[in-house]
Amino acid sequence: MPTGETPAPVDFYFSFRSPYSWLAVRQVRALAESHALDVTLRVVRPLAVRTPDFFKSVNPMWPPYLYRDVTRIADRLGLTFRWPRPDPVVQDYASGTIAADQPHIGRLSRMGVLAAEQGAGLAYVEAVSHLIWSGEIDGWDQGDHLARAALAAGLDPTALETRAVAESDRLDAVLLAHESAQATAGHWGVPLFVYRDEPFFGQDRLPDLMWRIAQNRWTEAD
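Since the structure is predicted, the reported quantities are computational estimates derived from the model, not experimental observations.

1. A word on empty space enclosed by the protein
Rolled over the atoms, a probe sized like a water molecule indicates the empty space that remains.
Then, number 1: Inspection of the entire model under this criterion finds one cavity of 30 Å³ or more.
Then, number 2: Of the voids in this model, the largest cavity is the one considered here, and its volume is about 40 Å³.
Then, number 3: Along its surface, the largest cavity is lined by Val-10, Val-28, Leu-31, Leu-37, Val-39, Phe-193, Leu-206, Leu-209 and Met-210.
Then, number 4: At the level of secondary structure, the elements contributing two or more residues to the lining of the largest cavity comprise α1 (19-34) and α9 (206-221).
Then, number 5: Broken down by element, the lining of the largest cavity gets its largest block of residues, three residues, from α9.

Written out as C-alpha cells, the structure reads:
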C-alpha cells in the first residue's frame, strides 16, 4: 500500500446495544492508527428503539445464534462476552416488547455523540462498550464505572454527564441526523462503515473495507 497517502474518511455507524459494534471498535482503532485512517464515529440508536416491533417477528433461531456467534468471535479476539447486566435497552425477551421508558440507551448515545465531538469518540465507545459486553462487571450503569471509562478516554466525566442532560434536545437531533445519513448510505444495521458512499455492513466486512481503501490508494498514487 503506498505510504504518504491519506484515504478518504470512513464513517463508522455504532450502537451501544450492538455486540458486533463492540467487537468492531477495537479493530477499527487499530486500523485507524496503522493505516492512517480518518474515521468519523456516528452513534445511532439501536434498531430495537427505532423499530420497536422488530423483535416481535424475528426468527426465534436468531437470538441463540447471535449469542453463539458473538461468543466465538470474542474468543478469537481474546475477549470475554456475556449479555449485559443491565441490557442497554429495556425489553421483555419473551414477547419482544420494547419498554416505552428507556433510561440507559439515551444516556449512553448522547454521551457517545459528545465524546465524538470532542475527538475521543472511538476511545470512549470502546471503553464503555467493554463495560457493557465483556461480562466483567454487573451494574455497568452504577457507581463510577462510566466515569472511569470517560477518564480512560481522556474526557471529563462530570462535564460529559452534565452536557448530556443539558443538551439532550440537540444531541437527539444529531442522533436522528446520523440515522438519516445511515439510511441514505444504503443500510440500517451496525456496525456499518461507509467509504466513498459505499456501505460495508458488519465487523466481518473490515477486510473488504481495507481492500477497497487499498484499491483507491493505488489508483490515487498512479
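Text resumes after the structure shown.
2. Structural notes on the pairing of strand β3 (residues 192-195)
Along a regular strand, successive side chains alternate from one face of the sheet to the other.
Then, number 1: What you see with β3 is no split at all: Leu-192 and Val-194 on one side and Phe-193 and Tyr-195 on the other are buried throughout.
Then, number 2: In this sheet, β3 lies alongside strand β1 (residues 10-14) in antiparallel orientation, the contact comprising four bridges. Paired with Tyr-13 across the strands is Leu-192, a residue of β3.
Then, number 3: Bridge count for β3 against strand β4 (residues 198-201) is four bridges, and the pairing is antiparallel.

3. As for the environment of Ile-137
Then, number 1: Along the chain, Ile-137 falls in the loop between α5 (121-133) and α6 (145-152).
Then, number 2: Note on Ile-137: relative accessible area 23%, which makes it partly exposed.
Then, number 3: Sequence spacing of Ile-137 and Pro-84 is 53 residues, and the spatial spacing of their C-alpha atoms is 8.9 Å.
Then, number 4: Residue contacts for Ile-137: discarding those within four places in its chain leaves Arg-82, Leu-131 and His-145.

4. Section: the layout of surface pockets
Then, number 1: Approximately 880 Å³ is the volume found for the largest pocket.
Then, number 2: Forming the boundary of the largest pocket are 35 residues, of which Pro-19, Tyr-20, Phe-55, Trp-62 and Leu-66 lie nearest the centre.
Then, number 3: Counting residues per element, the ones that place at least two in the lining of the largest pocket are α1, α2 (47-50) and α3 (62-76).
Then, number 4: The dominant element in the lining of the largest pocket, judged by the number of residues it contributes, is α3, at seven residues.

5. Comments concerning the packing of aromatic side chains
Given two aromatic rings, one states the distance between the centres and the angle between the planes to describe the pair.
Then, number 1: This structure, assessed with the given rule, holds eight aromatic pairs.
Then, number 2: An angle of 55° between the planes, with centres 4.9 Å apart, marks the rings of Tyr-67 and Phe-81 as tilted. Taken together, the residues Tyr-67 in helix α3 and Phe-81 in the loop between α3 and α4 (105-117) connect sequence positions 14 residues apart.
Then, number 3: An aromatic cluster of three or more residues is present, and its members are Trp-22, Tyr-67, Phe-81, Trp-83 and Trp-133.

6. What about the pairing of β1?
Then, number 1: Judged by how many residues are buried, β1 sits mostly within the fold: five of five residues are covered.
Then, number 2: Of the two faces of β1, the one carrying Val-10, Phe-12 and Phe-14 and the one carrying Asp-11 and Tyr-13 are both buried.
Then, number 3: Across five bridges, the pairing between β1 and strand β2 (residues 39-43) is parallel. Bridging from a neighbouring strand, Tyr-13 pairs with Arg-42 of β2.
Then, number 4: Chirality of the crossover, the property in question, places the unit of β1, α1 and β2 among those that are right-handed.

What counts, and at which threshold
- Residues numbered from 1 in each chain as written.
- Predicted model: local features only at pLDDT ≥ 70, side-chain atom pairs only at ≥ 80, totals over all residues.
- Heavy atoms only, no water.
- 1 Å grid on protein atoms, 1.4 Å probe; cavity = no way out; pocket = protein on both sides within 12 Å on 5 of 7 lines; lining within 4 Å.
- Points joined across faces, edges and corners; volume = space filled by probe spheres on them.
- Helix = DSSP H or I, 4+ residues; strand = E, 2+ residues; numbered from the N terminus.
- Buried < 20%, exposed > 50% of the residue type's maximum accessible area, 1.4 Å probe, protein only.
- Pairing = 2+ DSSP bridges.
- Contact = heavy atoms within 4.5 Å.
- Phe/Tyr/Trp six-rings, centres within 6.5 Å; stacked < 30°, edge-to-face > 60°.
- Right-handed = clockwise from strand over helix to strand, strands pointing away.

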